[in-house]
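Fold and geometry: a report
The primary structure of each chain is shown beneath.
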Amino acid sequence: MDYKNAGVDIEAGYKSVELMKKHVQETMRPEVLGGLGGFSGAFSMSAFKNMEKPTLVSGTDGVGTKLKLAFLMDRHDTVGIDCVAMCVNDIACAGGEPLFFLDYIACGRNYPEKIAEIVSGVANGCKQANAALIGGETAEMPGFYPEDEYDLAGFAVGVVDEKDLITGADVKEGDVLIGITSSGIHSNGFSLVRKVFDMTKESLDTYYEELGKTLGEVLITPTRIYVNALKSVKNSGAVIKACSHITGGGFYENIPRMLPEGIRAVVEKNSYQVPAIFGLLADKGGIEEEIMYNTYNMGIGMILAVSPADVDTAMEAIRGAGEVPYVIGHTERGEKGVTLC
């Protein structure tokens, strides 16, 4: 009896590391010390010594049940982007610059090519966020996960000068809400998605005219990463007073998190075009509008609050970063929360 007979293939683990090295190397930043294969990742902070009060910000998350879709489609090169996005977008919301990322992959059986494909997506997300993939862990856990399934999670660390932290404390009545479009459902609410649509190859391969793609292609689309857009706004001189990453819980849960007491957000639902996938999901599932806005991003993945004087500058900066912004509402005095009109 040995470890391999128990279901853990050490040689497959070695091969996975070798196959993923090229992807990891593409994410390196000058501050990274050492290489892949050590017991920890090292990152020099010397480049940030000119900050008055350098402050670390962090975020952690996983992909969730969207992974079930990846299993069914045998498509593993995009979920890593979702994992990175869920972490670095939260850091960007605080005004931080993501520095590095670590992933954790737990699987029933280590298929080196599949692991390398997953990590290629993680590396892609890191490159989009200009974050280094400085480490991670692949755990083969036979008997705990089915052989063909895995879980994927990670965490990121960023830095911001304390004076530049986005806290929402300065939001006041009359500030303007700018929404940046999402790429679709992102990686939230898939437990409900999987209840509405048949999760079969035939269903996922079905082409919908209103979507312009197959259902599977639309659902697997990775989460948009907003790091560069928010950095562009900061560099433009416009001040982001508050920022909300619209994830699970939709508008109703996430927007209030960026507001101070006594300020309410008013969002105009018709200020932008809601992507067709949300209408299809609501119709097929008989889901009420309030539940949709309390579960999904509804086409807006990030919301900023700025003063009226900064709107044009911020919008131009967001467009310059390749994203699509809309003025979607404003703030007013009232009980902290959200009004959709």
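Below is a short write-up of the structure. None of these values were measured; they are calculated from a predicted model.

What counts, and where the lines are drawn
- Residues numbered from 1 in each chain as written.
- Predicted model: local features only at pLDDT ≥ 70, side-chain atom pairs only at ≥ 80, totals over all residues.
- Heavy atoms only, no water.
- Helix = DSSP H or I, 4+ residues; strand = E, 2+ residues; numbered from the N terminus.
- Rg over C-alpha atoms; globule rule 2.2 N^0.38 Å.
- Buried < 20%, exposed > 50% of the residue type's maximum accessible area, 1.4 Å probe, protein only.
- Pairing = 2+ DSSP bridges.
- Axes fitted to C-alpha atoms, helices over the stretch in contact; angles between N-to-C directions.
- 1 Å grid on protein atoms, 1.4 Å probe; cavity = no way out; pocket = protein on both sides within 12 Å on 5 of 7 lines; lining within 4 Å.
- Points joined across faces, edges and corners; volume = space filled by probe spheres on them.
- Contact = heavy atoms within 4.5 Å.
- Phe/Tyr/Trp six-rings, centres within 6.5 Å; stacked < 30°, edge-to-face > 60°.
- Parallel < 35°, antiparallel > 145°, perpendicular 65-115°, else oblique.
- Left-handed = near helix turned anticlockwise from the far one by under 90°.
- Nonpolar A, V, L, I, M, F, W, Y, C, P; charged D, E, K, R; others polar.

With that out of the way, let us pick up the overall build of the protein. In terms of regular secondary structure, the protein is built from twelve helices and 14 strands. At 21 Å, the protein has a C-alpha radius of gyration in line with the 20 Å of a compact globule built from 341 residues. Principal-axis analysis of the C-alpha atoms gives the protein an extent of 70 × 55 × 30 Å. Buried positions account for 52% of the 341 residues belonging to the protein.

Let's shift gears to the sheet that holds strand β6 (residues 150-161). Picture the strands of a sheet paired through backbone hydrogen bonds; they go either parallel or antiparallel. Across the sheet, four strands lie side by side as β3-β6-β4-β5; this open sheet has mixed pairing. With one partner strand each, in any of the chains shown, β3 (54-62) and β5 (132-140) form the two edges of the open sheet. In this sheet, neighbouring strand axes are inclined to one another by 15 degrees on average, regardless of whether the strands run parallel or antiparallel. Both β3 and β6 contribute to a ladder of nine bridges, which runs antiparallel.

Before going further, it helps to spend a moment on unusual backbone geometry. We note that histidine 186 has phi near 65 degrees; this positive angle belongs to a residue other than glycine. With respect to the helices and strands, the residue histidine 186 is situated in the loop between β7 (176-181) and α5 (190-196). Here the phi dihedral of methionine 298 falls at roughly 55 degrees; this positive angle occurs in a residue that is not glycine. Among the structural elements, methionine 298 can be located in the loop between α11 (289-293) and β12 (300-306). Of the residues examined, methionine 298 reaches a relative accessible area of 6% and is grouped as buried.

A full pass over the atoms with the stated rule returns one cavity of 30 Å³ or more. Roughly 40 Å³ of internal volume is contained in the largest cavity. Lining the largest cavity we find Cys107, Arg109, Tyr111, Lys114, Ile115, Glu147, Asp148, Glu149 and Tyr150.

Before going further, it helps to examine the sheet that holds strand β10 (residues 242-245). Pairing within the open sheet is mixed, and its six strands lie in the order β10-β12-β7-β13-β11-β14. The two strands at the open ends of the sheet, each matched to only one other strand, are β10 and β14 (337-340). Each adjacent strand pair in this sheet contributes to an overall mean axis angle of 25 degrees, direction not counted. Bridging between β7 and β12 involves six bridges; their strand directions are antiparallel. Along β12, the bridge assignment pairs valine 176 with valine 306. Packed onto the sheet, helix α3 (residues 79-93) meets β10 and β12 and runs at close to 170 degrees relative to β10. This element, helix α8 (residues 227-236), spans β7, β10 and β12 of the sheet and lies at about 15 degrees to β12.

Attention shifts here to the packing of aromatic side chains. By the definition in use, this model includes six aromatic pairs. Taken together, a centroid distance of 5.0 Å and an interplanar angle of 75 degrees make the contact between phenylalanine 71 and tyrosine 150 edge-to-face. Of this pair, phenylalanine 71 sits in helix α2 (residues 66-73) while tyrosine 150 is found in strand β6, placing the two residues 79 residues apart along the sequence. Note on phenylalanine 71: relative accessible area 18%, which makes it buried. A ring pair is formed by phenylalanine 251 and tyrosine 293, whose centres lie 5.3 Å apart and whose planes are at 85 degrees; its orientation type is edge-to-face. Of this pair, phenylalanine 251 sits in helix α9 (residues 250-254) while tyrosine 293 sits in helix α11, and the two are 42 residues apart along the sequence. With a relative accessible area of 0%, phenylalanine 251 lands in the buried category. The exposure class of tyrosine 293 is buried, given its relative accessible area of 4%.

This part covers the packing of α8 against helix α12 (residues 311-320). Contact geometry for α8 and α12: axes closest at 8 Å, N-to-C directions at 135 degrees. Here α8 is positioned oblique relative to α12, judged by the angle of their axes. Viewed along their axes, α8 and α12 form a crossing whose handedness is right-handed. Counted together, Ser232, Val233 and Ser236 of α8 and Thr313, Ala314, Ala317 and Ile318 of α12 form the full contact between these two elements. Classifying every residue of the contact of α8 with α12 gives four nonpolar, three polar and no charged.

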